[in-house]
Amino acid sequence: MTHLSEEQLILHYYGEAEGQSLTAETHLEECTECRAAYGALQRVLNVVDGLPLPERAPHYGAQVWARIAPQIPRRRRRWELPTPFRWAALGAAMAGLLTVAFLAGRFYPQARKPVEMAKAADPHAGERILLVAVGDYLERSQMVLVELANANPKHPLDISSEQERAADLISESRLYRQTAEHTGDTKVAGVLDDLDRVLLEIAHSPSQLAPQDVENLRHRLEAEGILFKIRVLNSNVDQALAPANDAHRL
Amino acid sequence: MELTDRAYVAKARSGDADAYRVLVERHSRTLFRLAFRMTGNEQDAEDVVQESFLRAYRQLAKFDDRASFGTWLYRIAANCSLDLVRARKRRSEQLVAAEPDTREDPIASLPSGDPSPEREALSSEVRERVAAAMQDLSAAERTAFVLRHFEGMCIEEVSRVLECQPGAAKHSVFRAVQKLRRALEPVVGAAR
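Bear in mind the structure is a predicted one, so any value in this text is a computation, not a measurement.

1. A closer look at the overall build of chain A
For step 1, the next point in the chain: When helices and strands are counted, chain A shows 11 helices and two strands.
For step 2, the next point in the chain: When its helices and strands are written in sequence order, chain A yields α-α-α-α-α-α-α-β-α-α-β-α-α.
For step 3, the next point in the chain: Looking at chain A as a whole, 19% of its 250 residues are labelled buried.
For step 4, the next point in the chain: Considering only residue pairs separated by 6 or more positions, chain A has 74% of its internal contacts joining residues 24 or more positions apart.

In structure tokens form, the structure reads like this:
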């Protein structure tokens, strides 16, 4: 009896015997020696299989993207016009801007001038403007997150609109975060940082979410407690703005 | 309907970074698995995944549309892993030459972390032997074996990743299995 070679046993193990699998199977049933050799091969490869493999979360791909994205150049979609047209468009925009500035200067109510000047002299005006902007930013972020947190987890979900808004918010958040860091407001900077991370994750998720993904996203939002943090921060902003608003009403 | 890799590659080539994001998200986990099997180290595998996607992006113009993007990516990741393994080996040799007593435990190249049931199932001696046996495979043998055994690729696909004839890929798998058998049979027999 001709025994199976080691190569034939390996091919048989991997199912690559190309039509000879049945012959090998029959031979293994009849030949004790080859059966023992095949058993030894299986044991060795089973041991190799037993080496542990660390699992990666379902959103691992989004994490990888977040790490490499800064090194991937982005196309500027709004500048797809040929170069001469770009200059023409820029010229038209500048002319428009000048006209608006001229008309604003001519027709802006003169009576309000002193108030505006007083405002400009107010050292807290800049701070209040920033607070209003942060409040608006937090409210818009909250709306995106609330929509996702309240989504029905039993149905697939298209989040492309939320993703677009999240991407816009991400580009805004940097300024607020930097300002908070600059003024030493670490709590605000921390919340903005957490919010930024959540928005980044939403913006980089697949647009179509399966029911399970919707459920996972809701759980993550709950686990982060981000909506609560935003509400607290937003109410602090409102409180800080309240005296200024009252004075304005008077 | 979900677009194919090919459609996203075409968009990414024309500068659409979001299309490339889809490809990254689609293939990251598979690539991590391959990189981990090749390098035997979690952090190295993470680095390989990132480097592979960056290399792939830079070489996107060279990608042949008729080929499978996944296979092409595997080839890049396998090469990245091999570069890293070779560099690590060189560093380790230099370290051994300088300080013979600080040699790394072969098991140290296995992933650290909490012990899982599978990890505990293998005695430390067997694990050491498996890790050492895997390290002893040549670059081609290691790649061919990982792709065939762990990733379930057929010989034909393995040969495409290795850019060699199917016969050569088949022999790389043979040699890898033979070496593993020789190294592990005594310890597997004893462990039974």
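2. A short note on the overall build of chain B
For step 1, the next point in the chain: Scanning chain B from terminus to terminus reveals nine helices and zero strands.
For step 2, the next point in the chain: Written out in order from the N terminus, the α and β elements of chain B read α-α-α-α-α-α-α-α-α.
For step 3, the next point in the chain: A fraction of 62% describes how many contacts in chain B between residues 6 or more apart in sequence connect residues 24 or more apart.

3. Some words on the interface of chain A and chain B
For step 1, the next point in the chain: Taken together, the contact pairs 31 residues of chain A with 40 residues of chain B.
For step 2, the next point in the chain: Only helix H1 (6-13), helix H3 (32-49) and helix H4 (60-68) of chain A provide two or more residues apiece to the side of chain A that touches chain B.
For step 3, the next point in the chain: Classifying every residue of the side of chain A that touches chain B gives 19 nonpolar, four polar and eight charged.

4. Considering the nonpolar core
For step 1, the next point in the chain: One finds B:Leu34, B:Ala35, B:Val49, B:Leu73, B:Ala77 and B:Ala144 to be the most contacted residues of the largest nonpolar core, which totals 60 residues.
For step 2, the next point in the chain: Per-element tally for this core: the top contributor is helix H2 (residues 17-39) of chain B, with 10 residues.
For step 3, the next point in the chain: Not counting residues within four places of it along the chain, the set of residues in contact with B:Leu34 comprises B:Tyr74, B:Ala77, B:Ala78, B:Val146 and B:Glu151.
For step 4, the next point in the chain: A:Val198, A:Leu217, A:Ile226 and A:Ile230 belong to the second-largest nonpolar core, a separate cluster that totals 24 residues.

5. Points about the packing of helix H8 (residues 160-182) of chain A against helix H9 (residues 186-203) of chain A
Residues and elements named next belong to chain A.
For step 1, the next point in the chain: Their axes nearest at 9 Å, the elements H8 and H9 cross at an angle of 160°. Between H8 and H9, the angle falls in the class roughly antiparallel. For the element pair H8 and H9, the recorded crossing hand is left-handed. In contact with Glu162, Gln163, Ala166, Ala167, Leu169, Ile170, Ser173, Tyr176, Arg177, Ala180 and Glu181 of H8, H9 contributes Val188, Ala189, Leu192, Asp193, Leu195, Asp196, Leu199, Leu200, Ile202 and Ala203.
For step 2, the next point in the chain: Classifying every residue of the contact of H8 with H9 gives 14 nonpolar, two polar and five charged.

6. What to know about the packing of H2(B) against helix H3 (residues 42-58) of chain B
Residues and elements named next belong to chain B.
For step 1, the next point in the chain: Contact geometry for H2 and H3: axes closest at 8 Å, N-to-C directions at 135°. Between H2 and H3, the crossing angle belongs to the class labelled oblique. Crossing of H2 against H3: the hand is right-handed. In this structure, H2 contributes Tyr20, Val24, Ser28, Leu31, Phe32, Ala35, Phe36 and Thr39 to the contact, and H3 contributes Glu42, Asp44, Ala45, Val48, Val49, Ser52, Phe53 and Tyr57.
For step 2, the next point in the chain: Among the residues making up the contact of H2 with H3, the classes are represented as 11 nonpolar, three polar and two charged.

7. As for helix H7 (residues 139-150) of chain B
Residues and elements named next belong to chain B.
For step 1, the next point in the chain: Taking 1.5 Å per residue as the helical rise, H7 with its 12 residues ought to reach 16 Å, and the 16 Å between its terminal C-alpha atoms agrees with that figure.
For step 2, the next point in the chain: Among all positions of H7, only Glu141, Arg142, Thr143, Ala144, Phe145, Val146, Leu147 and Arg148 are buried.
For step 3, the next point in the chain: Following H7 by one or two positions, Gly152 adopts a phi angle in the positive range, close to 70°.

8. Focus: the environment of B:Ala35
For step 1, the next point in the chain: Here B:Ala35 shows up in helix H2.
For step 2, the next point in the chain: Expressed as a C-alpha distance, the spacing of B:Ala35 and B:Ala78, which sit 43 residues apart in the sequence, is 7.1 Å.

9. Brief notes about the confidence of the model for chain B
Residues and elements named next belong to chain B.
For step 1, the next point in the chain: Confidence in the prediction for chain B averages 81 pLDDT; 80% of positions are at 70 or higher.
For step 2, the next point in the chain: The secondary structure element of chain B with the lowest average pLDDT is helix H5 (residues 117-121), at 51, and the one with the highest is H3, at 94.
For step 3, the next point in the chain: Counted against residues more than four places away or in other chains, residues 100-115, with its pLDDT under 50, gives 23 contacts.
For step 4, the next point in the chain: Overall fold confidence for the complex sits at a pTM of 0.54, while the interface term, ipTM, reaches 0.78.

10. Side note on H8(A)
All names here are of chain A.
For step 1, the next point in the chain: Spanning 23 residues, H8 covers 34 Å between terminal C-alpha atoms, matching the ideal 33 Å at 1.5 Å per step.
For step 2, the next point in the chain: Within H8, the axis deviates most sharply at Glu172, by approximately 30°.
For step 3, the next point in the chain: Three or more residues of H8 are buried, namely Glu162, Ala166, Leu169, Ser173 and Ala180.
For step 4, the next point in the chain: Phi turns positive, to about 80°, at Gly184, one or two residues after H8.

Reading guide: rules and limits
Residues numbered from 1 in each chain as written. Chains lettered and ligands numbered in written order. Predicted model: local features only at pLDDT ≥ 70, side-chain atom pairs only at ≥ 80, totals over all residues. Helix = DSSP H or I, 4+ residues; strand = E, 2+ residues; numbered from the N terminus. Buried ≥ 20, exposed ≤ 12 C-beta atoms within 10 Å, placed from the backbone. Contact = placed C-beta atoms within 7 Å. Nonpolar A, V, L, I, M, F, W, Y, C, P; charged D, E, K, R; others polar. Core = buried A, V, L, I, M, F, W, Y, C linked by C-beta atoms within 7 Å. Axes fitted to C-alpha atoms, helices over the stretch in contact; angles between N-to-C directions. Parallel < 35°, antiparallel > 145°, perpendicular 65-115°, else oblique. Left-handed = near helix turned anticlockwise from the far one by under 90°. Expected span 1.5 Å × (residues − 1). pLDDT = per-residue confidence, 0-100. Bend = angle between axes of the 7 residues up to and from the residue.

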